[in-house]
Amino acid sequence: MFLLVVLASCNKRMESAMKSSDKDYILQIANEFYDEGKWVNAIELYSKISSAFSGTEEGTDIAYKLADANYKDRSYRLAGHQFKTFYLTHPADSRAEEAAFRSAYAFYLDSPVYNRDQKSTYNAIDELQLFINNYPESSKVEEANGYINELRQKLERKAFEIAKIYYKTMKYKAAGIAFDNVLEDYPDTQLREEAMMYSLRSKYELAVNYSRFEDKNLRLQNAMTQHRLFTKAYPDSEFTEEAGKIMTKLQQDWDKYKATEAKIEQSKITAQTKD
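Everything quoted here is computed from the prediction, not taken from an experiment. (Residues numbered from 1 in each chain as written. Predicted model: local features only at pLDDT ≥ 70, side-chain atom pairs only at ≥ 80, totals over all residues. Heavy atoms only, no water.)

Regarding unusual backbone geometry
One non-glycine residue, Arg74, lies in the positive phi region at around 70°. Relative to the elements of secondary structure, Arg74 occurs in the loop between helix H4 (57–72) and helix H5 (76–89). According to the relative accessible area criterion, Arg74 is exposed, its value standing at 67%. Of note in this structure, Met170 is not a glycine but carries a positive phi near 65°. Following the sequence through the fold, Met170 ends up in the loop between helix H8 (141–168) and helix H9 (172–185). (Helix = DSSP H or I, 4+ residues; strand = E, 2+ residues; numbered from the N terminus. Buried < 20%, exposed > 50% of the residue type's maximum accessible area, 1.4 Å probe, protein only.)

Structural data, given as structure tokens:
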């Protein structure tokens, strides 16, 4: 019965405020809902009157509370944009620094798992870096850096998994390029050893099993160079034995290639002599 009474009271206030043309009354009810944690109601009423208070102290307060209510209602992307608008519009406000951080953090919370579109992840990194640049003395800088590292690891994982898909579907040329891009774009990645090994596997398969004769020279050299880079970087790797077997096969294929190349050259010389 108590809950029903509370719900009826809430609905009555909401209906009354929505029908009212008194902006001060609507703001009063919106603030009541905000204080009570009824975010959906507060958002609807703040949105209704925000333009009526534009340029006033109440308008600034509404803008902040609207962003905060959306944030607490887990509409992170919208909240992120609203917090950003707030600190850009009101840079002298005492809440500007907090709004800048919460804008970035809202985008961070909106960042999806690595195998989905990462637009929000890139936005979050940009906003977090912008916060650090604008507020280098803030107590939140270390926290912001931590979030950036976490988000970059997510991007690393996505790039790595895409490269693995190329490898598993036997698109070895694309796989080799993709793994090399992971290594170049994320030089400090925790996936570096595995990415280098996948690059070696990809270049080996491309050179030995998927190359025309005219492509073999360069591709075999690329694969053997990748082997040298891998063994130099990880002399005690768990993949050392596999890498060694790959190198043995590469050397065997190289010897066959050079022998065939020599025969072709000899055939050309013989043909020219006959001419």
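Brief notes about H9
Side chains of residues three or four places apart in an α-helix project in the same direction, reflecting 3.6 residues per turn. The terminal C-alpha atoms of H9 lie 20 Å apart, and with 14 residues this matches the ideal 20 Å at 1.5 Å per residue to within 8%. Burial in H9 covers these residues: Tyr172, Ala175, Gly176, Ala178, Phe179, Val182 and Leu183. Projection of H9 onto a plane perpendicular to its axis shows the buried side chains occupying an angular sector of 165°, all on one side. Away from the buried face of H9 by more than 90 degrees, exposed residues Lys173, Glu184 and Asp185 are located. Against the buried residues of H9 lie H8 and helix H10 (192–209). (Expected span 1.5 Å × (residues − 1). Arc of directions from axis to C-beta. Contact = heavy atoms within 4.5 Å.)

Brief notes about the pattern of salt bridges
Pairing is possible between side chains that carry opposite charge, provided their charged atoms lie close to one another. Taken as a whole and assessed by the stated rule, the structure comprises 21 salt bridges. With its nearest N and O atoms 3.2 Å apart, the salt bridge here joins Glu36 to Lys38. The partner of Asp68 in a salt bridge is Arg102, with the nearest N and O atoms 2.6 Å apart. Taken together, the positions of Asp68 in helix H4 and Arg102 in helix H6 (residues 96–110) put the pair 34 residues apart, joining distant regions of the chain. Grouping residues by exposure puts Asp68 and Arg102 together as buried. Taken together, the salt bridges that share partners define one network made up of Arg13, Glu32, Glu36 and Lys38. (Salt bridge = Lys/Arg side-chain N within 4 Å of Asp/Glu carboxyl O.)

Don't take any of this as a statement about function, it's just geometry.
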